[in-house]
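Chains, contacts and geometry: an overview
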Amino acid sequence: MNKVFFTLLICLLMPTVSQAKIGDRFQVIENGIRWLYTVIADGEVEVGFDEMGWYYESTYYVDSLIIPSEVRGYKVTRIADSGFEELPDFETVVMPEGLRTIGKRAFRKNSMLVNVVFPENLEVIGEEAFYGCFSLEEINLKNHVKAIHESAFWGCYSMRELRLSEELQTIENWAFAYCRNLKSLYLPKNVSYIHGSSLWACLGLESIEVAEDNPYFDSRNNSNAVIKKEGDELVCGCSATIIPLNVRRIGDGAFCFQGNKPILPEGIPNSVESIGMDAFTGCTFDSLQITKNVKVIDDMAFSGCTFLVACKIEEGGLKVIGNGAFERAKIPGLTIPLSVEVIGERAFSQSTIQSAVIPSGIKTVSNHAFDDCRELKSLELQEGVEIIGGGAFSGCKKLVFNDIKFPSTLRVIEKGAFSYCNLSYIKIPDGVVKIGPRAFQYCNVNGFEPTSVYLPASLKEIGDSAFFTAHSVQVTTAIPNPLPIKETVFTCYHDGHDKLWTYRSNGVLTVPKGCADLYRATYPWSLFKNIREIEHIGIDQQTTSKAPAVEKARYTVDGVKTKSHIQGLTIVEMSDGSRCKVMVK
């Protein structure tokens, strides 16, 4: 009697097709597996493993997962999101014929999975569905699959064969990224969208072919590339790609992280007008020539190209260099064209560029544009540049002040712009009204002489720790009325102790004649150990002269004109306008 009652109770509790609502869930234990089903439509369920555990019997082992096609009158039409994620034991998965959708992360990181039998009616493969299934060797999609979503087969390292559905329409970002043993790709006739990064880091790819009757794409001239007919955009390439001479754009991610050498026999073709985001990121070609017809180099386009020996951009056409365009690239001889109007954030960060001329068309040098360019030795900002962005030249340790040419149009030097450079002498140009926080922080880190700073009369604001230094500081200011500043503008923590040591050791402040008492009465300027006044003498920007240069005048490091042979460090101004440091012992 009790057994009959228990059986009746179970039957009453189980939802029937007529009673169930969308979202109702139930478990079924079959063949040692605990299945979890969720109602998703009238008469339809999705399936996955129960979240309480993979196996009902821990001793039960199977190497094949055969997913039921029907349960309790419901048809199984979808694999649940994360339904079979990170299961180490199955080598084969057989899907039911009624299945239409494989959800997000459905078989993600199934490291032992070798074979998948896809059903005839499958239409959609979700994001990261087979991400990290690095033992999966072959993909054979039947004719009804219409969409392969983002990162669906990312990291399927062992995949050698790929057969795409004839009804396939969409291939999204990174769909086959890091399928490094994939040798060939055939794009069927109905594909209307494929993202360039869908073949990201497919190192072994040697052949790309597009169906002749595809109305959207072609692989013209046996180019081994996917080329969008509208706009003549090269969307995807491989190591065997020859860029056709009529291509107008290299698309986003076209050769990204392939670690290969797309064939560029005569550089980028003259027909190319723009180079997309991540187009050649991480490529290993050793020479690059970009014609004047290219107007835009987009974000990260040549980032990480560390094998370049020669890189040339023709003068006269380029307008935009995007964010990170040459970040971490080896470009020692590159000259920035004077036609450029935009240099994006991190555009040359950590690159090997040695000399930079910032064209007059650029009003703002973007944040971190040349950050950590440790080979940069020469810098010229042409007339028209108004703002140097945050961290723009931070960490450029080979820059010295005499090798920097500032324009008269410069107004703002932002946060950390020249931090960690090797500038023991800093003359802020006339016209500058703002110096941001930490703008010249830890300059002169390799020297032991005091940091010398000149502040022009135009200056209105100095940010916190702007000249934070590891040594004492000597300041010459042309500002008659002391600016309100924090005490940390010039300070350092000497030996981790006295934060005012910068002022109290050898700190010298030179002010315009008649202003010393005002500075002595104004905190924190009053902290300087020595405050003195002189007729203001500025050291002008470098000029040129055809006559042989001779010594014209000599100054102390804080700008005071002095005798020719006093002991210590002095700055010698030559008749041609150049300057040099001289140490007299």
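As the structure is a prediction and not an experimental result, all values here were calculated from the model. (Residues numbered from 1 in each chain as written. Predicted model: local features only at pLDDT ≥ 70, side-chain atom pairs only at ≥ 80, totals over all residues. Heavy atoms only, no water.)

Moving on to the overall build of the protein. Within the protein, the regular secondary structure consists of 3 helices and 43 strands. Counting over 585 residues, the protein shows a buried share of 52%. Restricting to contacts in the protein with at least 6 residues of sequence separation, those with at least 24 account for 39%. (Helix = DSSP H or I, 4+ residues; strand = E, 2+ residues; numbered from the N terminus. Buried < 20%, exposed > 50% of the residue type's maximum accessible area, 1.4 Å probe, protein only. Contact = heavy atoms within 4.5 Å.)

With that out of the way, let us pick up the sheet that holds strand E33 (residues 412-413). With parallel pairing, the 5 strands of this open sheet are ordered in space as E29-E31-E33-E35-E37. One side of each edge strand has no neighbouring strand; the edge strands of this open sheet are strand E29 (364-365) and strand E37 (461-462). In terms of strand pairing, E33 meets strand E35 (residues 434-435) through 2 bridges, oriented parallel. Its bridge partner being in E35, Ile 413 is matched across the sheet by Ile 435. (Pairing = 2+ DSSP bridges.)

A few words now on the nonpolar core. In terms of nonpolar packing, the biggest core is built from 92 residues, with Phe 348, Phe 370, Phe 418, Leu 455 and Phe 467 touching the most fellow members. Phe 418 has contacts with Leu 379, Ile 388, Phe 393, Ser 394, Ile 404, Phe 406, Ile 413, Leu 423, Ala 439, Phe 440 and Cys 443, leaving out every residue within four places of it along the chain. Counting 64 residues, the second-largest nonpolar core is a separate cluster that includes Val 45, Ile 102, Val 116 and Ile 125. (Core = buried A, V, L, I, M, F, W, Y, C linked by side-chain atoms within 4.5 Å.)

What the rule picks out here adds up to 35 aromatic pairs. Residues Phe 490 and Phe 528 carry aromatic rings whose centres are separated by 5.7 Å and whose planes lie at 65 degrees to one another, so their mutual orientation is edge-to-face. Of this pair, Phe 490 sits in the loop between strand E38 (473-477) and helix H2 (501-504) while Phe 528 is found in the loop between helix H3 (516-520) and strand E40 (530-534), placing the two residues 38 residues apart along the sequence. Phe 528 carries the same exposure label as Phe 490, and that label is buried. The aromatic ring of Tyr 131 is capped on one face by Arg 108, whose charged end is 4.6 Å from the ring centroid. Arg 180 extends its terminal NZ or CZ atom over the ring of Tyr 157, reaching a point 4.1 Å from the ring centre. (Phe/Tyr/Trp six-rings, centres within 6.5 Å; stacked < 30°, edge-to-face > 60°. Lys NZ or Arg CZ within 6 Å of the ring centre and 35° of its normal.)

Before going further, it helps to spend a moment on unusual backbone geometry. Each neighbour pair has its own omega, and for Tyr 523 with Pro 524 the value is 5 degrees, a cis peptide bond. Located in the positive-phi region is Asn 222, a residue other than glycine, with phi close to 50 degrees. Summarising the element assignment, Asn 222 is placed in the loop between strand E18 (217-218) and strand E19 (226-228). The phi dihedral of Tyr 442 falls on the positive side, at around 55 degrees, and the residue is not glycine. Tracing the backbone through its elements, the reader meets Tyr 442 in the loop between E35 and strand E36 (451-455).

Before going further, it helps to examine the confidence of the model for the protein. Averaged over all residues, the pLDDT of the protein equals 85, while 81% of them reach at least 70. Here residues 1-14 scores under 50 on pLDDT; set against residues more than four positions off or in separate chains, the count is 2 contacts. This stretch, residues 539-548, has a pLDDT under 50; its non-local contacts, to residues over four places away or in other chains, come to 18 contacts. (pLDDT = per-residue confidence, 0-100.)

The subject of this paragraph is the sheet that holds strand E9 (residues 115-117). Strand order in this open sheet of 3 strands is E4-E7-E9, and the pairing throughout is parallel. Bordering the open sheet on either side are strand E4 (64-66) and E9, each of which pairs with just one other strand. Strand-to-strand, the axes of this sheet are offset by a mean angle of 10 degrees, without reference to chain direction. Examined bridge by bridge, strand E7 (residues 92-94) and E9 share 3 bridges and lie parallel to one another. (Axes fitted to C-alpha atoms, helices over the stretch in contact; angles between N-to-C directions.)

With the rule as written, the count across this model stands at 19 salt bridges. For Glu 44, the salt bridge identified is with Arg 100, shortest N-O distance 2.9 Å. Placement of the pair is Glu 44 in strand E3 (residues 44-49) and Arg 100 in the loop between E7 and strand E8 (101-102), with a sequence separation of 56 residues. Residue Arg 100 is classed as partly exposed on the basis of its relative accessible area of 31%. A salt bridge links Asp 81 to Arg 78, with the nearest nitrogen and oxygen atoms 2.9 Å apart. One continuous salt-bridge network, built from bridges that share partners, spans Glu 46, Arg 78 and Asp 81. (Salt bridge = Lys/Arg side-chain N within 4 Å of Asp/Glu carboxyl O.)

Within the fold, Gln 441 resides in the loop between E35 and E36. Apart from residues no more than four positions distant in its own chain, Gln 441 is found in contact with Ser 419, Tyr 420, Ser 465, Ala 466 and Phe 468.

Further remarks concern the environment of Val 235. As for its placement among the helices and strands, Val 235 is situated in strand E20 (residues 233-236). Since its relative accessible area comes to 6%, Val 235 is described here as buried. Separated by 19 residues in the primary sequence, Val 235 and Ala 254 have C-alpha atoms spaced 5.3 Å apart. Among all residues touching Val 235, those that are not within four sequence positions of it are Ile 194, His 195, Gly 196, Phe 217, Val 226, Ile 227, Lys 228, Asp 252 and Ala 254.

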